[in-house]
Each structure stands twice: as C-alpha cells, then as structure tokens.
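A closer look at the structure
Each chain, written out:
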Amino acid sequence: MLAAQEDRSCTWCDHLLDGGPQPVVVHAECPTHLICRACSVAARPHRPCLDCGGPAASPSPADGREDVFMGAVTIYTRLRCAACCRADALRGTVGGGPFGNGV
Ligand SMILES: [Zn+2]
Ligand SMILES: [Zn+2]
C-alpha cells in the first residue's frame, strides 16, 4: 500500500493551501487526492461504491453508509452503495464473520 502511494504523487484541492489549518479528508477510492471538508461534502453525490465501483448514490451522511476514520490530521472515509453496505452488514453479523474466526 505504501509502495502504491509512492508511485503516484499526491494531489490536493486549492482550499487546503489557502484556507488556513484545517482537517484533511482522504477518500478511500482515491487515496492520493487530499481535499478539504467542503470538497468532500460536494463530492459525496458523485463518489463510487468502494466495494463494487458503481455509484454509491449517497446524498448525505444520514444513510449511514459512509465509514469515517478520524486521524490526528486526516479524516479517512469510504462510501458504499446500499447493496454492498447491506451485504457487508450481513457478513458481519451472520456466519463466520469477516475475520474467519468462526465466532
Ligand atoms: Zn477544497
Ligand atoms: Zn457497491
């Protein structure tokens, strides 16, 4: 993963340069592009599903399909479509679970 990130230089939105200190948002589907909170919100309707690549079609955080990992200086988010989110929820609660420990 580190090697993949070193292959491509990172890009970022202009707001991070002239907006003063602020959190940096990283989208899981595009880990080398760093953006501000406003751009992340604006990009949400156009973001793809991380699992299947189709349109996630998530207009707001209220649908609960975005996973957000808050770091010290970066906010990492991944978004999934309704179908993949449902499938993942089933994997997590029924059967062997995502880690294969059978519990
Ligand atoms: Zn921005
Ligand atoms: Zn999907």
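Residues numbered from 1 in each chain as written. Chains lettered and ligands numbered in written order. Predicted model: local features only at pLDDT ≥ 70, side-chain atom pairs only at ≥ 80, totals over all residues. Heavy atoms only, no water.

1. So, the layout of surface pockets
- What the largest pocket holds in volume is close to 260 Å³.
- Arg37, Ser40, Val41, Arg44 and Glu66 are, among the 14 residues lining the largest pocket, the residues nearest its centre.
- Elements that contribute at least two residues to the lining of the largest pocket include exactly helix 3 (37-43), strand 4 (66-70) and strand 5 (74-79).
- Among the residues making up the lining of the largest pocket, the classes are represented as seven nonpolar, three polar and four charged. (1 Å grid on protein atoms, 1.4 Å probe; cavity = no way out; pocket = protein on both sides within 12 Å on 5 of 7 lines; lining within 4 Å. Points joined across faces, edges and corners; volume = space filled by probe spheres on them. Helix = DSSP H or I, 4+ residues; strand = E, 2+ residues; numbered from the N terminus. Nonpolar A, V, L, I, M, F, W, Y, C, P; charged D, E, K, R; others polar.)

2. Re the confidence of the model for the chain
- Looking at the chain as a whole, the pLDDT averages 82, with 78% of positions reaching at least 70.
- The secondary-structure element of the chain with the lowest mean pLDDT is helix 1 (residues 2-7), recorded at 54, while strand 2 (residues 24-27) shows the highest, at 96.
- Confidence over residues 92-103 falls short of pLDDT 50; this stretch has six contacts with residues more than four positions distant or in other chains. (pLDDT = per-residue confidence, 0-100. Contact = heavy atoms within 4.5 Å.)

3. A look at the coordination of the zinc ion (ligand 2)
- Protein-derived ligands of the zinc ion (ligand 2) are Cys49 (SG), Cys52 (SG), Cys81 (SG) and Cys84 (SG), with the metal-ligand distances lying across 2.2 to 2.4 Å.
- Donor residues binding the zinc ion (ligand 2) come from one chain and are separated in sequence as C-x2-C-x28-C-x2-C. Residues Cys81 and Cys84 agree in their burial class; the two are buried. (Donors = N, O, S within 2.8 Å, 3.2 Å for Na, K, Ca; no water. Buried < 20%, exposed > 50% of the residue type's maximum accessible area, 1.4 Å probe, protein only.)

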